[in-house]
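# Overview (structure and organization)
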Amino acid sequence: MNRPLLLVAAALFVAAAPLAIAQAAKPALYTDAQATAGAQAYASSCAACHGAQLEGVAAPALKGAPFGEMATAQSMTAGALLDVITNTMPQSDPGSLKPEEYAAVTAYILQQNGYPAGTTALAAGSAAAKDAKVMP
Ligand code: HEC
């Protein structure tokens, strides 16, 4: 490799390193299958109040900066988010979803906030979710 190319390669490597660290800060807490199931459950049970794009309509947004600020203010973890949703939502009929539907809908919200899918399913009381802060 000639010298200018080597310098470009080195510069790219240095530029990419912080990006990789920033992404690693959001752990994998759910599976792809959960997020897919969650998208459907969200559409039928949550979208009417929170918006089809989680943008917030009659109820607060569930993604982006406003949601991130709310989560940060509460030091909310993914486990706490699942608990809050399970215990209080849908506001019109709390507790009306099955536990696996609540986990799936929470997985979908995490996915929409930039959390990656992994190999372990999100479940109430899971240790990884208990320690993972929800952030914008
Ligand atoms: C009938 C309307 C309605 C439906 C349906 C509904 N919500 Fe909500 N939700 C609200 C309102 C209003 C608030 C804000 C007041 C509160 O925190 O209780 C809220 C708050 C929330 C919060 C806390 C957000 C914050 O900023 O504090 C989450 C998370 C949430 N909802 C998730 C869901 C999920 C997931 C579903 C579907 C299973 C759902 N909601 C269905 C009306 C609704």
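This text follows the structure it describes.
In this report, the structure presented in the accompanying data block is examined. Quick caveat: nothing in here was measured; it's all calculated off a predicted structure.

Scanning the protein chain from N- to C-terminus turns up seven helices and zero strands. Along the protein chain, helices and strands appear, N-terminal first, in the series α-α-α-α-α-α-α. Taken over 136 residues, the protein chain has a buried fraction of 32%. Across the protein chain, every contact between residues at least 6 apart in sequence was considered, and the portion connecting residues at least 24 apart equals 67%. When the accessible area of the protein chain is evaluated, it comes to approximately 8,000 Å², of which 64% is carbon and sulfur surface.

In this section: unusual backbone geometry. A cis amide bond links Met89 to the next residue, Pro90, at an omega of -10°. For Pro90, the location among the structural elements is in the loop between helix 5 (78-88) and helix 6 (99-112). Despite not being glycine, Leu54 has its phi angle at roughly 60°, a positive value. Taking relative accessible area as the criterion, Leu54 reaches 0% and is therefore assigned buried.

Inspection of every chain in the model, using the stated rule, returns one aromatic pair. Judged by centre distance (5.5 Å) and plane angle (45°), the rings of Tyr42 and Tyr108 are tilted. Linking Tyr42 in helix 2 (residues 32-45) with Tyr108 in helix 6, this pair joins segments that are 66 residues apart in sequence. Judged by relative accessible area, Tyr42 falls into the buried class, the value being 1%. A relative accessible area of 11% means that Tyr108 is categorised as buried.

Here we take up the coordination of the iron atom of the ligand. Coordination of the iron atom of the ligand by the protein involves His50 (NE2) and Met89 (SD), with metal-donor separations of 2.0 to 2.2 Å. Coordination geometry of the iron atom of the ligand: the six donor atoms subtend angles of 84 to 179° at the metal centre, consistent with an arrangement described as octahedral. With His50 in helix 3 (residues 47-50) and Met89 in the loop between helix 5 and helix 6, this residue pair connects regions lying 39 residues apart in the sequence. Assessed through its relative accessible area of 10%, His50 is described here as buried.

It is worth spelling out the packing of helix 2 against helix 6 at this point. It is the contact of helix 2 with helix 6, at a shortest axis distance of 7 Å, that shows an interaxial angle of 100°. Classified by the angle their axes make, helix 2 and helix 6 are roughly perpendicular. Contact residues: Gln34, Ala35, Ala37, Gly38, Ala39, Ala41 and Tyr42 in helix 2; Ala103, Ala104, Val105, Ala107, Tyr108 and Gln111 in helix 6. Here the contact of helix 2 with helix 6 is built from residues that sort into 10 nonpolar, three polar and no charged.

Thresholds applied
Residues numbered from 1 in each chain as written. Predicted model: local features only at pLDDT ≥ 70, side-chain atom pairs only at ≥ 80, totals over all residues. Heavy atoms only, no water. Helix = DSSP H or I, 4+ residues; strand = E, 2+ residues; numbered from the N terminus. Buried < 20%, exposed > 50% of the residue type's maximum accessible area, 1.4 Å probe, protein only. Contact = heavy atoms within 4.5 Å. Areas by Shrake-Rupley, 256 points an atom, 1.4 Å probe, with all protein chains shown as cover. Phe/Tyr/Trp six-rings, centres within 6.5 Å; stacked < 30°, edge-to-face > 60°. Donors = N, O, S within 2.8 Å, 3.2 Å for Na, K, Ca; no water. Tetrahedral: all angles 85-135°; square planar, octahedral: opposite > 155°, others 65-115°. Axes fitted to C-alpha atoms, helices over the stretch in contact; angles between N-to-C directions. Parallel < 35°, antiparallel > 145°, perpendicular 65-115°, else oblique. Nonpolar A, V, L, I, M, F, W, Y, C, P; charged D, E, K, R; others polar.

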